[in-house]
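# Working through the structure, step by step
For reference, the chains in residue letters:
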Amino acid sequence: YNALLATLHRSLKEIILGVQGLVVVTPELEAIIASLLDYKIPKAWGKCYPSLKPLAAWARDLVARIEALTRWIDDGLPKCFWLPQFTYPTGFLTALLQTSARKQGIAIDTLAWDFPV
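Before going into details, it helps to say that this report is about the structure given with it.

Definitions and limits used
Residues numbered from 1 in each chain as written. Predicted model: local features only at pLDDT ≥ 70, side-chain atom pairs only at ≥ 80, totals over all residues. Heavy atoms only, no water. Helix = DSSP H or I, 4+ residues; strand = E, 2+ residues; numbered from the N terminus. Rg over C-alpha atoms; globule rule 2.2 N^0.38 Å. Buried < 20%, exposed > 50% of the residue type's maximum accessible area, 1.4 Å probe, protein only. Areas by Shrake-Rupley, 256 points an atom, 1.4 Å probe, with all protein chains shown as cover. Lys, Arg positive; Asp, Glu negative; His and termini not counted. Charge placed at Lys NZ, Arg CZ, Asp CG, Glu CD. Axes fitted to C-alpha atoms, helices over the stretch in contact; angles between N-to-C directions. Parallel < 35°, antiparallel > 145°, perpendicular 65-115°, else oblique. Contact = heavy atoms within 4.5 Å. Nonpolar A, V, L, I, M, F, W, Y, C, P; charged D, E, K, R; others polar. Expected span 1.5 Å × (residues − 1). Arc of directions from axis to C-beta. Salt bridge = Lys/Arg side-chain N within 4 Å of Asp/Glu carboxyl O. Core = buried A, V, L, I, M, F, W, Y, C linked by side-chain atoms within 4.5 Å. Phe/Tyr/Trp six-rings, centres within 6.5 Å; stacked < 30°, edge-to-face > 60°.

A few words now on the overall build of the protein chain. When its secondary structure is counted, the protein chain shows four helices and zero strands. Against the 2.2 N^0.38 benchmark of 13 Å for 117 residues, the protein chain shows a C-alpha radius of gyration of 20 Å, more extended than a compact globule. With respect to the principal axes defined by its C-alpha atoms, the protein chain has extents near 65 × 30 × 20 Å. Buried residues in the protein chain amount to 21% of all 117 residues. Just so you have it, the protein chain exposes about 8,800 Å², and 63% of that area is on carbon and sulfur atoms. For the protein chain, the centre of its 12 positive side-chain charges and the centre of its 10 negative side-chain charges are spaced 2 Å apart.

Structure representation (structure tokens):
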């Protein structure tokens, strides 16, 4: 997410300068401005994780993801994980299986997830 946040920061800073007439508005910057005016996620920002959400919901989701990861860093492993915070949740679940298999000294192939509904 650091690369995405850096891109967001740079783009928004360039937009402010472009609107003030202090920098040239490039086609890439113009595409970002057009997306923002249409309440859509600019393509330059959507590279980190795929989403069909409109801009406002995507931004709220991004803030929630960053806050969850920051709490994880500051406070240690949580007791409960919010799976949508991960770009690739199946990779996280596989890592949990690997960690459990190593800790128990058993083959990972003997472990599986079960989700009763």
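Right, picking up where we left off after that structure.
Before going further, it helps to spend a moment on the packing of helix H1 (residues 2-19) against helix H2 (residues 27-37). For the pair H1 and H2, the least separation of the axes is 10 Å and the interaxial angle reads 90°. In this view, H1 runs roughly perpendicular relative to H2, as classed from their interaxial angle. Taking contact as the criterion, the partners of Arg10, Ser11, Glu14 and Ile15 in H1 are, on H2, Glu28, Leu29, Ile32, Ile33 and Leu36. Considering only residue class, the contact of H1 with H2 consists of five nonpolar, one polar and three charged.

What follows is about H1. End to end, H1 covers 26 Å across 18 residues, agreeing with the expected 26 Å (1.5 Å per residue, within 8%). Taken together, the buried positions of H1 are occupied by Leu4, Thr7, Leu8, Ser11, Ile15 and Gly18. Looking straight down H1, one finds that the buried residues subtend no more than 105° of arc, so they occupy a single side. For H1, the exposed residues lying more than 90 degrees away from the buried face are Asn2, His9, Lys13 and Ile16. Just downstream of H1, Gly21 is the residue with a positive phi angle, here 80°.

Counted under the stated rule, the structure contains three salt bridges. As a salt-bridge pair, Lys53 and Asp61 come within 3.6 Å of each other at their nearest N and O atoms. Accessibility expressed as a relative area gives 8% for Asp61, which makes it buried. Through salt bridges that share partners, Lys53, Asp61 and Arg65 make up one connected network.

Right, let's get into the nonpolar core. Listed in full, the 11 residues of the largest apolar core are Leu4, Leu8, Ile15, Leu29, Ile32, Ile41, Trp45, Tyr49, Leu55, Trp58 and Leu62. Those elements that provide at least two residues to this core are H1, H2 and helix H3 (55-75). Setting aside its immediate chain neighbours within four residues, Leu55 contacts Leu36, Tyr39, Lys40, Ile41, Pro42 and Trp45.

Let us look at the packing of aromatic side chains. Within the structure shown, the criterion is met by eight aromatic pairs. Between Trp72 and Phe86, the ring centres sit 5.9 Å apart and the planes meet at 85°, which makes this aromatic pair edge-to-face. Note that Trp72 is positioned in helix H3 and Phe86 in the loop between H3 and helix H4 (89-104), a separation of 14 residues in sequence. Accessibility expressed as a relative area gives 22% for Trp72, which makes it partly exposed. Since its relative accessible area comes to 13%, Phe86 is described here as buried. Through pairs of rings, three or more aromatic residues link up here, namely Trp72, Phe81, Phe86 and Phe92.

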